[in-house]
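Coordinate analysis (summary)
Listed below, chain by chain, are the residues.
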Amino acid sequence: MNPTHPPLLATHDVFNQAPELVDYNLYAHNSALQEAVAREGASLAKQTHDWLLERGGELGGRQMLEWAAQANKSPPTLKLFDNGGNRRDEVEFHPTYHELMSYLKRHGASAGPWANPVAGAHVRRAALYLLYAEIEDGTLCPTTMTYAVVPAIVRDRPLAEEWLPRIYSLDYDKRFLPAAQKRGVTLGMGLTEKQGGSDVRANTSRAELISGREYSIVGHKWFFSAPMCDAFLILAHSPGGLSCFFLPRWTPDGRLNDIRIQRLKDKMGDKSNAGSEVEFWGARAWLVGEEGRGVPTILEMGTYCRLDCALGTAGLIRQATSQALHHAHYRSAFGKLLIAQPLMKNVLADLAIESEAATALAMRLARAFDAQTDEAESLLRRVLTPAAKYWICKRGPAVGGEAMEVLGGNGFIEEGVMARIYRQMPLNSIWEGSGNVMCLDVLRAMGKRPRCLEVLAAEVAPALGRDARFDTFVGKLKNGLSDAQHIETRARQLTQDIALAVQGALLMQFAPDYVAEAFCASRLAESSFGGGSFGNLPGNSNFDALLKRAWPQ
Ligand SMILES: Cc1cc2nc3c(=O)[nH]c(=O)nc-3n(C[C@H](O)[C@H](O)[C@H](O)COP(=O)(O)OP(=O)(O)OC[C@H]3O[C@@H](n4cnc5c(N)ncnc54)[C@H](O)[C@@H]3O)c2cc1C
């Protein structure tokens, strides 16, 4: 035995590793979100604040973290047949998935603002959604879809009478039974087919009239998330054109509807959620809205989903930033904590600004969903939804990659949450209308309703005259929008600039001066990259204040 060799059981002491970021209140330590809630949902602010504080504590607790990790480590599996060879087409989930779904339903994430439509209800839900997205995202898919179908269903009286009480219910009922026997339901949507997703007019699924509003659907969907939902809105061609149909999992006579799950998607992220490919073998469905007007009917649902994409990514960006800040507070390199290294401060402060800007924009957008009957807000909602969805979700993967790098090698390892966050990030950018489609939608909105431009101008006007960089940026944006030449080719630049202008206006009016100053210098000034790579804030930025404001504990 070598006497200089250390005893076998004490090979080394562990030091200079950051503890896990857990048992903290996600809301209490998120000043940007608290301020946005007070600003955008003012009439409910006090009550909402206390409620969100409770949710923030729960969501930052170990229990939630463990459920989220487990639900993603144990993805759903498909049970096509029972022992007797009968088709079941049933997806089985880990119990933690059901716990998470119960949590969301219990707190009104899937229908709260519809069931209790008080002023500020969408903002309140938006804040919960953003906080929850920090912890788990797969369960948000059916939650969002359930929230988003309501405006379409409300207009169909028989459907509304039968389904809304269970949609509004705070009970999550995981049982695979006809909806009439369940305490609560979730809903999904099916547009995308093999030959076309963005271009839904390329759909080939067919609907044949049985009687009244009842149809038989033959066809398929190439992406069909959350197939264990109790019903779906889908698109199919009927004799009168592309129409929207309500497709329940079970028919009213208690039979399993002819929806055949072909297989589950093997996705790069969003692991806890079941994504599937399905075929409809004469499945029973009911026309929703006017025949031939399926696209506008289902697109309204898409608008709510897009709001959630922006909110969800704002939550993911916040969690990625929190993880990075937390790590840098504990990890030393070259004799100093990372948080004290000038270049790392710049990267972290830049991430913090992105997070605050994403939160401010997503929450402002949420207010436009509260003001359902206000004309200006509805025009703003029309144009800002695709713009915010585009820009916030486009920034997500960049933030995920940069925050992961702050954690060094640990960021790349599955044990923490960074790898999951990173894999989730691109999804919000792809589904519910991918990047280009969002930018073209912004142009479409402004082309059809020129008043959108006025409403946007009014939104940024209160911040004009405070900072020359902002004024110049807005002036150029106005010129760019009024110049029709090559406008489609320039749609990304214009959409990005709309989002940046609104973010700038919000931060200049409502955030501390040092946040607004750093945002203008790094995102709006001529010399900036317009929010390109991170860590490019000017050397005289107030780094300490920026980092303190974003610090998650
Ligand atoms: C995990 C996951 C779950 C999903 N769940 C569902 C679901 O439940 N229900 C559902 O219906 N769909 C679902 N989708 C599908 C998703 O909505 C589509 O993938 C998305 O809308 C893009 O459609 P596509 O895949 O057919 O791509 P395409 O439509 O072929 O688009 C490919 C690319 O071309 C771009 N593009 C399209 N048109 C233009 C144009 N005119 N000019 C410039 N660029 C253009 C798009 O922006 C995109 O980047 C899901 C997708 C994923 C990844």
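Right above here is the structure, for reference.
Residues numbered from 1 in each chain as written. Predicted model: local features only at pLDDT ≥ 70, side-chain atom pairs only at ≥ 80, totals over all residues. Heavy atoms only, no water.

Orientation of helix α10 (residues 342-370) relative to helix α18 (residues 543-550), taken along the N-to-C sense of each, is 55 degrees, at an axis distance of 9 Å. Comparing the axis directions of α10 and α18 gives the class oblique. Seen along the crossing, α10 lies across α18 with a hand that is left-handed. Residues Lys345, Asn346, Leu348, Ala349, Ala352, Ile353 and Glu356 of α10 touch α18, and the partners they reach there are Phe543, Asp544, Leu546, Leu547, Arg549 and Ala550. In the contact of α10 with α18, the residues fall into eight nonpolar, one polar and four charged. (Axes fitted to C-alpha atoms, helices over the stretch in contact; angles between N-to-C directions. Helix = DSSP H or I, 4+ residues; strand = E, 2+ residues; numbered from the N terminus. Parallel < 35°, antiparallel > 145°, perpendicular 65-115°, else oblique. Left-handed = near helix turned anticlockwise from the far one by under 90°. Contact = heavy atoms within 4.5 Å. Nonpolar A, V, L, I, M, F, W, Y, C, P; charged D, E, K, R; others polar.)

We now examine helix α12 (residues 418-430). Residues of α12 that are buried include every one of Met418, Ala419, Arg420, Ile421, Gln424, Met425, Leu427, Asn428 and Ser429, and no others. Backbone geometry just downstream of α12 places glutamate 432 in the positive-phi region, at approximately 60 degrees. (Buried < 20%, exposed > 50% of the residue type's maximum accessible area, 1.4 Å probe, protein only.)

Taken together, 19 residues lie near the ligand, and Leu191, Thr192, Gly197, Ser198 and Ser225 sit nearest. The backbone of methionine 189 places a nitrogen or oxygen atom 3.1 Å from a nitrogen atom of the ligand. A distance of 2.5 Å is found between an oxygen atom of the ligand and a side-chain nitrogen or oxygen belonging to serine 198. In the complex, the protein chains occlude 65% of the 970 Å² of accessible area that the ligand would expose alone. For the shell around the ligand, the secondary structure elements donating two or more residues are β3 (187-190), β5 (214-225), α12 and α13 (435-448). (Near = heavy atom within 4 Å. Polar contact = N/O pair within 3.5 Å; in protein donor to acceptor, adjacent residues only side chain to side chain. Areas by Shrake-Rupley, 256 points an atom, 1.4 Å probe, with all protein chains shown as cover.)

Okay, the pairing of β3 next. Residues Leu187 and Met189 of β3 are buried on one face, and the alternating residues Gly188 and Gly190, pointing to the opposite face, are buried as well. Bridging between β3 and strand β6 (residues 231-238) involves four bridges; their strand directions are parallel. Looking across to β6, one finds that leucine 187 is bridged to alanine 231. (Pairing = 2+ DSSP bridges.)

This brings us to the side chain of serine 205. Along the chain, the position of serine 205 falls in the loop between β3 and β4 (206-211). Within the structure, serine 205 has its side chain in polar contact with the side chain of glutamate 193 (distance 2.7 Å). At 3.1 Å, the side chain of serine 205 and the backbone oxygen of histidine 220 are in polar contact. Not counting residues within four places of it along the chain, the set of residues in contact with serine 205 comprises Glu193, Val218, Gly219, His220, Lys221, Leu235, Ala236, His237 and Phe280.

With respect to the helices, strands and loops of the structure, lysine 221 is situated in strand β5. The sequence separation of lysine 221 and glycine 196 amounts to 25 residues, and the corresponding C-alpha distance is 9.9 Å. Not counting residues up to four positions away in its chain, the partners in contact with lysine 221 are Gly190, Leu191, Thr192, Glu193, Asn203, Ser205, Ile234, Leu235, Glu277, Val278 and Phe280. At 2.8 Å, the side chain of lysine 221 and the side chain of glutamate 193 are in polar contact. A polar contact is formed between the side chain of lysine 221 and the side chain of asparagine 203, at a distance of 2.9 Å.

Packing of α10 against helix α11 (residues 375-406) brings their axes to within 9 Å, and their N-to-C directions diverge by 155 degrees. Between α10 and α11, the angle falls in the class roughly antiparallel. The handedness of the crossing between α10 and α11 is left-handed. A per-class count over the contact of α10 with α11 returns 18 nonpolar, one polar and seven charged.

Turning to unusual backbone geometry, a few remarks are in order. For asparagine 16, which is not glycine, the phi torsion reads 60 degrees and is therefore positive. Secondary-structure assignment places asparagine 16 in the segment before α1 (31-40). Backbone geometry places histidine 486, a non-glycine residue, at a positive phi of 50 degrees. Since its relative accessible area comes to 55%, histidine 486 is described here as exposed.

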